[in-house]
2 protein chains.
Amino acid sequence: MALPPRATRIADVAALAGVSTATVSRTLANPEVVSPQMREKVMAAVRQTSYTRNIVAANLRSRQTMLVLVVVPDIANPFFAEVLRGIDKTLSGSGYGIIIGNLANSAAKEAHFVDLVFSGQVDGVLLLCGHVPQGKGRQMDVANVPLVAVCEFIPHVTLPQVGIDNQAAAQRVAQYLVGLGHKRFAYISGPASNILDKQRDAGFGNGLKAAGIRKPHLRFEGDFTFQSGALAATEFLTLKQRPTAIFAANDEMAIGFLKTVQKSGVKVPRDVSVVGFDDIEYSEYCEPTLTTVHQPRSALGAAAARLLLDCMQGHEEIAKPRSQYLEAPMVERLSSAVIG
Amino acid sequence: MALPPRATRIADVAALAGVSTATVSRTLANPEVVSPQMREKVMAAVRQTSYTRNIVAANLRSRQTMLVLVVVPDIANPFFAEVLRGIDKTLSGSGYGIIIGNLANSAAKEAHFVDLVFSGQVDGVLLLCGHVPQGKGRQMDVANVPLVAVCEFIPHVTLPQVGIDNQAAAQRVAQYLVGLGHKRFAYISGPASNILDKQRDAGFGNGLKAAGIRKPHLRFEGDFTFQSGALAATEFLTLKQRPTAIFAANDEMAIGFLKTVQKSGVKVPRDVSVVGFDDIEYSEYCEPTLTTVHQPRSALGAAAARLLLDCMQGHEEIAKPRSQYLEAPMVERLSSAVIG
DNA sequence: CTGAAAGCGCTTACAG
DNA sequence: CTGAAAGCGCTTACAG
């Protein structure tokens, strides 16, 4: 059996056209810099040999890979998938490809991605994982490759970051609930020390205060899971004087809460209003549908990609941080209502 | 401002260690082939310079990129995200990275991915898109790079494919429903000419026949959307003699059907049993929870990646197709019951 | 506008 | 076991 034919190289095209490889390269990269006759000769040879230039070789020489690493904690998480869509749209529009860096809780994989960056396999990195990846004793951010963080805010770093203003959004939720006439509130928190939770918590508290509510709101400790929302509900059910408005730090917990109190005959929103955060797909389908804060996932991805593109184009040095916050409007659905 | 320092090269390490670049390269790739003293000298220099080898250059020379292109129709589709998880697990275990090829209905992007493959930027391709990508008049499968199709079966090609046995699965659904005592059946189809739909349809018909049902089942035309399931429901509601068991070609339609008939007071499963296909996440949460055929998404991805790995290792020529079918068990939930 | 030649940073026969 | 040298397939100053 014959060995697979070697792919045609630029030298083959040059030989066939009777020109130098330099001319072929120029014709393909900057046609306008080549005379029309040359151009025609070369293009004919390209067609005849159905030549495709070897991008790996081109990358080596021109010192760029046209590839961006996107680091995600879990590739199967639909939230990130939607952000990825926005990233892909922007990046592919500029000719960049995406390498997926799926952490999947593996330190080995994380170290591998750090190597990828240090070894010059990518031109830039988008971080959706809430921390700067590290491995073998070094952090990815010292590799002299531009990084941009998205969605999951990373504290104590100077990277450009793209996200929403969690505090302002939570504040608006508070205003909204007060506007409905509620007087007793509770917050279901995320995991201790989670920065997003801190921001949402603070925003909610400030919002209530600003609206003239002096009594501090109740807190149920959660961890972003459906389970912990359900747990908060069982606590809620034991209270003599129950809050009438619940704000959960994310939708999963809001829905866990909602489903659990319903089983005990509590009506939503008649007896209690529930508001979530994120606007995951399911919040549109559950019963009642969930009032929540909409995160513009695709737009967040696109904005981050745009920012990274700018950094990658800024040859001199890695561009100065210019973090960016997008609007996150509250979406009113059927889980919240005027206090009955 | 100083220019960013150039990354250290293998030559720097070699100079520092006082050996040839060949020895450094060998020490890193095959330590056992180098004498212990040499090895120690080299490793010390590697540590001292914190050298990371330039993978792009290594790739060029060794003619492999350790990268696999995964072509998906839509990266934000949770079904594919889960398949991707299985792919990533297997591929990263063997040191391969993933480039995402998100089609997003763009012919330009599709052509770009074809170029990527022809230009040797990836060592293999996984196709989740139900067709062989093409662009500029050429098909991806003639590029002499191994391809494997997953989930979305591609008819009329000789590629290795990994999927489930749709026909057998649908047949089991029929058996199950007959076993519950049902006598009148309907099928909500996918889009015309869709191959998965054809297989599920045929399997359902065969299963009924095999179980002794002679009356042919009703058909509602659908297109895999929630909408079309709802449409089927409105048709269903107009019937004098309604079927008591519905099999939808996917979960979205099953749920669209279910939600719509419920609004007209029809009880599921008391009045009608509903079975879907795929086992999407929502089928566990809707009310009632949906009986459906479980697709082992992550396992499908892993199996396909395994197969591709074999093909990529088979140096001589692209390995012979060895398609593979995984089990797709039916999951009984609350949308189906013994006929009342 | 075009070509000869160097070089991107590695790996790998080939000698020894 | 080690090194000198060629070469992977391009691009890009540098001349002309």
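Residues numbered from 1 in each chain as written. Chains lettered and ligands numbered in written order. Predicted model: local features only at pLDDT ≥ 70, side-chain atom pairs only at ≥ 80, totals over all residues.

Enquirer: In this structure, what is going on with the overall build of chain A? I would like to understand it.
Expert: For chain A, the helix and strand inventory stands at 11 helices and 14 strands. A compact globule built from 340 residues would reach a C-alpha radius of gyration of about 20 Å, whereas chain A, at 27 Å, exceeds it by more than 25%. If one aligns the C-alpha atoms of chain A with their principal axes, the spans along those axes are about 90 × 45 × 40 Å. Taken over 340 residues, chain A has a buried fraction of 47%. Counted over contacts in chain A with a minimum sequence separation of 6, partners at least 24 positions apart contribute 71%. (Helix = DSSP H or I, 4+ residues; strand = E, 2+ residues; numbered from the N terminus. Rg over C-alpha atoms; globule rule 2.2 N^0.38 Å. Buried ≥ 20, exposed ≤ 12 C-beta atoms within 10 Å, placed from the backbone. Contact = placed C-beta atoms within 7 Å.)

Enquirer: What is the right way to read the protein's contact with DNA strand C from this model?
Expert: Within the structure, DNA strand C sits among 26 residues, and Met38(A), Ile10(B), Ala22(B), Ser25(B) and Asn54(B) are positioned closest to it. Going through the elements one at a time, helix H2 (21–29) and helix H4 (55–62) of chain A together with helix H2 (21–29) and helix H4 (55–62) of chain B are the ones with two or more residues in the surface near DNA strand C. Grouping the amino acids of the surface near DNA strand C by side-chain chemistry returns 12 nonpolar, 8 polar and 6 charged. (Near = placed C-beta within 6 Å. Nonpolar A, V, L, I, M, F, W, Y, C, P; charged D, E, K, R; others polar.)

Enquirer: I'm lost on the relation of the copies chain A and chain B in this one. Help?
Expert: Aligned on chain B, chain A shows an RMSD of 0.0 Å; the corresponding rotation is 180 degrees and the shift along the axis is 0.0 Å. These values place the two chain copies in the arrangement generated by a two-fold rotation axis. In terms of C-alpha distance to the rotation axis, chain A has Ile99(A) as its closest residue, with the C-alpha 2.2 Å off the axis. With an isologous cut-off of 70% or more, the 100% of interface residues of chain A that recur at the interface of chain B puts this contact in the isologous class. (Least-squares fit on C-alpha atoms with pLDDT ≥ 70 in both.)

Enquirer: How should I be thinking about the sheet that holds strand S12 (residues 291–294) of chain A in this particular structure?
Expert: Two orientations exist for strands paired in a sheet by backbone hydrogen bonds: parallel and antiparallel. Residues and elements named next belong to chain A. Read from one edge to the other, the open sheet built from 6 strands follows the order S9-S8-S10-S11-S12-S14, with strand pairing classed as mixed. Of all the strands in the sheet, just strand S9 (218–220) and strand S14 (330–331) have a single pairing partner and so form its edges. Two elements, strand S11 (residues 273–278) and S12, share 4 bridges in a ladder whose sense is parallel. When the sheet's bridge partners are listed, Gly276 is paired in S12 with Thr292. (Pairing = 2+ DSSP bridges.)

Enquirer: Would you mind going over the domain arrangement of chain A with me for this structure?
Expert: All names here are of chain A. With domains assigned, chain A is organised as domain 1 (10–53), domain 2 (65–163 + 298–326) and domain 3 (166–296). Between domain 2 and domain 3, the C-alpha centre-to-centre distance is 31 Å. Taken residue by residue, the interface counts 8 residues in domain 2 and 7 residues in domain 3. Of all the elements in the fold, those that place two or more residues in the side of domain 2 that touches domain 3 are helix H5 (78–93) and helix H11 (297–313). (Domains from an automatic or database assignment.)

Enquirer: Would you explain the environment of Val68(B) in this entry?
Expert: Topologically, Val68(B) is positioned in strand S1 (residues 67–72). When sequence neighbours within four positions are dropped, the list of residues in contact with Val68(B) reads Leu91(B), Tyr96(B), Ile98(B), Val122(B), Asp123(B), Gly124(B), Val125(B), Leu126(B) and Leu308(B).

Enquirer: Looking at this structure, how should I read H4(A)?
Expert: Owing to its 3.6 residues per turn, the α-helix brings residues three or four apart onto one side. All of the buried residues in H4(A) are Ile55(A), Val56(A) and Asn59(A). Seen along its axis, H4(A) keeps its buried residues to an arc of 100 degrees; they face one direction. (Arc of directions from axis to C-beta.)

Enquirer: Help me understand the interface of chain A and chain B in this model?
Expert: A common way to report how large an interface is uses the accessible area buried once the components associate. At the junction of the two partners, chain A supplies 36 residues and chain B supplies 36 residues. Of all elements in the fold, only H4, H5, strand S2 (97–102) and helix H6 (107–118) of chain A reach the threshold of two or more residues within the side of chain A that touches chain B. Here the element with the most residues in the side of chain A that touches chain B is H5(A); it accounts for 7 residues. Counted by class, the side of chain A that touches chain B contains 18 nonpolar, 11 polar and 7 charged residues. Of the strand pairs in this sheet, S2(A) and strand S2 (residues 97–102) of chain B are connected by 3 bridges, and their pairing is antiparallel. Among the inter-strand pairings, Ile99(A) is bridged to a residue of S2(B), identified as Ile99(B).

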